Amino acid sequence: MSLHAIVPVQRLEQAKSRLAVALSPEERRALVLRSLATVLHALSGSALVDATLVVTPDPEVSEHATHAGAIALEQPGRGLNEAIRQGREYAAEHGADALLIVLADLPLLTTIDIDNLLEASGDAAVTLAPDRHGSGTNALVLRPLNAIEPAFGVDSYHAHRNEAEQQQRSSRTFHARGTAYDVDTADDLLAIDRLLAGTVRSSAEPRALFFDRG
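Because the structure is predicted, anything quoted here is derived from the model rather than measured.

1. A look at the environment of Ser156
Counting through the fold element by element, Ser156 comes out in helix H5 (residues 156-166). Owing to a relative accessible area of 2%, Ser156 belongs among the buried residues under this scheme. Separated by 21 residues in the primary sequence, Ser156 and Ser135 place their C-alpha atoms 6.4 Å from one another. Discounting residues that sit within four places of it in the chain, Ser156 has contacts with Ser135, Gly136, Thr137 and Ala151.

2. Thoughts on the pairing of strand S2 (residues 51-56)
The buried fraction of S2 is high, at six of six residues. Every second residue of S2 is oriented toward a common face, with Ala51, Leu53 and Val55 on one face and Thr52, Val54 and Thr56 on the other, all of them buried. Note: strand S1 (residues 3-8) against S2, five bridges, orientation parallel. Across the sheet, residue His4 finds its bridge partner in S2, namely Ala51. Examined bridge by bridge, S2 and strand S3 (residues 71-74) share four bridges and lie parallel to one another. Along S3, the bridge assignment pairs Thr56 with Glu74. In this fold, the crossover linking S2 to S3 by way of helix H2 (residues 59-67) has right-handed handedness.

3. Considerations on the pattern of salt bridges
Scanning the model with the defined rule gives five salt bridges in all. Close ionic contact of Asp188 with Arg132 constitutes a salt bridge, the shortest N to O distance being 2.9 Å. Separated by 56 residues along the polypeptide, Asp188 in helix H7 (residues 186-197) and Arg132 in the loop between strand S5 (126-130) and strand S6 (137-142) bring together distant segments of the chain. In this structure, a network of salt bridges that share partners links the residues Arg85, Arg88 and Glu149.

4. Here we look at the sheet that holds S1
Read across the sheet, seven strands follow the order S3-S2-S1-S4-S6-S5-S7 without closing on themselves; strand pairing throughout is mixed. With partners counted over all chains shown, the strands left at the sheet margins are S3 and strand S7 (171-173), one partner each. This sheet shows a mean twist of 20° between the axes of neighbouring strands, independent of strand direction. Helix H3 (residues 80-93) rests against S1, S2, S3 and strand S4 (98-102) of the sheet, and its axis sits at about 155° to S1. Each of S5, S6 and S7 is contacted by H5, which is oriented at about 165° to S5, the strand it contacts most.

5. Considerations on unusual backbone geometry
With omega at 5°, the peptide bond leading from Arg143 into Pro144 counts as cis. When you line up the elements, Pro144 lands in the loop between S6 and H5. The backbone phi angle of Gln168 is positive, close to 55°, even though this residue is not glycine. Along the chain, the position of Gln168 falls in the loop between H5 and S7. We classify Gln168 as exposed; its relative accessible area is 75%.

Cut-off values and rules
Residues numbered from 1 in each chain as written. Predicted model: local features only at pLDDT ≥ 70, side-chain atom pairs only at ≥ 80, totals over all residues. Heavy atoms only, no water. Helix = DSSP H or I, 4+ residues; strand = E, 2+ residues; numbered from the N terminus. Buried < 20%, exposed > 50% of the residue type's maximum accessible area, 1.4 Å probe, protein only. Contact = heavy atoms within 4.5 Å. Pairing = 2+ DSSP bridges. Right-handed = clockwise from strand over helix to strand, strands pointing away. Salt bridge = Lys/Arg side-chain N within 4 Å of Asp/Glu carboxyl O. Axes fitted to C-alpha atoms, helices over the stretch in contact; angles between N-to-C directions.

Below, the structure written as structure tokens:
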């Protein structure tokens, strides 16, 4: 069994546009790179992951990925699903028979989360790790690689579950803090800040602790 992880990342100047009300362009860029570093560190620590592919059109993201020991694939087009299909093709050509798709905006992700997710997936064809709202998909395990087509976007958790049912693929759902907390909105920043601080902070200062932590 050979498993490749795919981490799709869009251009830094386009990333996290919904956070424009809370963060400056420089802060959004820093957030993406810091979260990506956390995700790549978590993946590199897992003995269950044979290779990590970062698919991106952004040269700076590719440089960070390579520095972290991942394989950087230049994405000629746009979109997460296209990036995942490109990574899947590479993985298939290099002998992988299972995929772990992980989004790059999971600042609390750990190697323990990765190992637990992969172990919990067992022999299921599709294993989903939803966001904390139960609507999006933050991580996805596929055995085989084409068990279902990637459908990341609005309400992707239910889209992936429905696709698994239509394709008569066995599926499971995995829950962990590290896979549940992504960063798309100012509310997400506040929720993560509360977790890290261990106390409720005011909405006027939702980002300070997250950005100050090493």
